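Residue-level listing of the chains:
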Amino acid sequence: MSKTKTRKPQKHYTFEDVWAALMENRELQKETDRLMKETREAMKETDRQMKETDRRIGFLSNRFGELAEHLVAPNITEKFNALGFNFEQVSQNHQIDDSLNNCYTEVDLMLENGTTVMVVEVKAKPHKKDVDKHIKRIEILRSRADARNDMRKFQGAIAGAIMTKLVRDYIHETGLYSIEQTGDTVRINIPEGFKAREW
């Protein structure tokens, strides 16, 4: 005896059923739109807060850099003079302008005597990119000196309140002096075999 399958009767939707489903879908769409709008507003607020945080960090970094600069400046001449440089003149925040008074570059500290100019960049926490940028700065100063027949040698140093070994090693590899904060004074870190680069 064979079994016959009975089909479930298909449900027929009335106009009212379809209309109710459409209205429910419309309400769900409104809720989705409302949630998306809230999400966009929250993202805008997060973006605004991140920009404000970046601005504050930049401000604090600049202030910390200025503090590091003020800690380095008073001791730096005697430290280099102890190495035999005999610097007679020190200038802080030295700006180099072109003939139209546009700023080429700015130097945090510049120590000078009749034969050598030491160009010092001061950072709260120096990075490799700061070293590369400082070398370009010294190259600009060298070319400006050549144009004025200034035959003095140019050398460079990077000073930092906080300095990683990686950055310190990179500073030395590029032929720059590294100057580090130690308590209320600074120390010029010169590794064995170090040869200062001259421009």
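Residues numbered from 1 in each chain as written. Predicted model: local features only at pLDDT ≥ 70, side-chain atom pairs only at ≥ 80, totals over all residues. Heavy atoms only, no water.

Novice: Explain the overall build of the protein to me, and be specific about the residues and the numbers.
Specialist: In terms of helices and strands, the protein carries 3 helices and 6 strands. Going residue by residue from the N terminus, the α and β elements of the protein occur as α-β-β-β-α-β-α-β-β. When burial is assessed residue by residue, the protein has 35% of its 199 residues classed as buried. In the protein, the proportion of contacts linking residues at least 24 apart, taken out of those at least 6 apart, comes to 54%. About 14100 Å² of surface is accessible on the protein, with carbon and sulfur atoms providing 52% of the total. (Helix = DSSP H or I, 4+ residues; strand = E, 2+ residues; numbered from the N terminus. Buried < 20%, exposed > 50% of the residue type's maximum accessible area, 1.4 Å probe, protein only. Contact = heavy atoms within 4.5 Å. Areas by Shrake-Rupley, 256 points an atom, 1.4 Å probe, with all protein chains shown as cover.)

Novice: Lay out the pairing of strand E5 (residues 177–182) with the relevant residues and their values.
Specialist: Taking burial as the measure, the 6 residues of E5 include 5 buried ones, the bulk of the element. Where strand E4 (residues 153–160) and E5 come together, 4 bridges link them in parallel fashion. Residue Ala157 lies in a different strand from E5, and its bridge partner there is Tyr177. Strand direction decides the pairing type here: E5 and strand E6 (residues 185–189), joined by 5 bridges, are antiparallel. In the sheet register, Gln181 faces E6, and the bridge partner there is Val186. Where E5 hands over to E6, the hairpin turn is made up of 2 residues, of which Gly183 adopts a positive phi near 65°. (Pairing = 2+ DSSP bridges.)

Novice: Lay out the nonpolar core in plain terms, naming residues and giving numbers.
Specialist: Note that soluble globular proteins tend to have their nonpolar side chains buried in a common cluster. Counting 18 residues, the largest nonpolar core has Val119, Val131, Leu141, Phe154, Ile171 and Leu176 as its most contacted members. Residue assignment for this core shows that the elements contributing at least two residues are strand E2 (103–112), strand E3 (116–123), helix H2 (128–147), E4 and helix H3 (165–173). The greatest single-element share of this core, amounting to 5 residues, is contributed by H2. If sequence neighbours within four positions are ignored, Ile171 has contacts with Val131, Ile158, Met163, Leu176, Tyr177 and Ser178. Counting residues in hydrophobic clusters, the runner-up holds 17 residues, among them Val120, Ile179, Val186 and Phe194. (Core = buried A, V, L, I, M, F, W, Y, C linked by side-chain atoms within 4.5 Å.)

Novice: An account of H3 is needed here, citing residue identities and associated values.
Specialist: Taken together, the buried positions of H3 are occupied by Val167, Arg168, Tyr170, Ile171 and His172. On the buried face of H3, the contacting elements are H2, E4, E5 and E6. Gly175 sits one or two positions beyond H3 and adopts a positive phi of about 85°.

Novice: An account of the packing of aromatic side chains is needed here, citing residue identities and associated values.
Specialist: Inspection of the entire model under this criterion finds 6 aromatic pairs. Measuring from ring centre to ring centre gives 5.5 Å for Phe80 and Phe85, while their planes differ by 85°; the resulting arrangement is edge-to-face. The two residues Phe80 and Phe85 agree in class, both being buried. The cationic tip of Lys128 hangs over the ring face of Tyr170; the distance from NZ or CZ to the ring centre is 5.1 Å. (Phe/Tyr/Trp six-rings, centres within 6.5 Å; stacked < 30°, edge-to-face > 60°. Lys NZ or Arg CZ within 6 Å of the ring centre and 35° of its normal.)

Novice: Pulling in residues and values, what's your account of unusual backbone geometry?
Specialist: The backbone of Asn86 sits at a positive phi, close to 55°, despite the residue not being glycine. Position of Asn86 relative to the elements: it lies in the loop between helix H1 (15–81) and strand E1 (89–97). The phi torsion at Asn149 lies on the positive side, around 60°, for a residue other than glycine.

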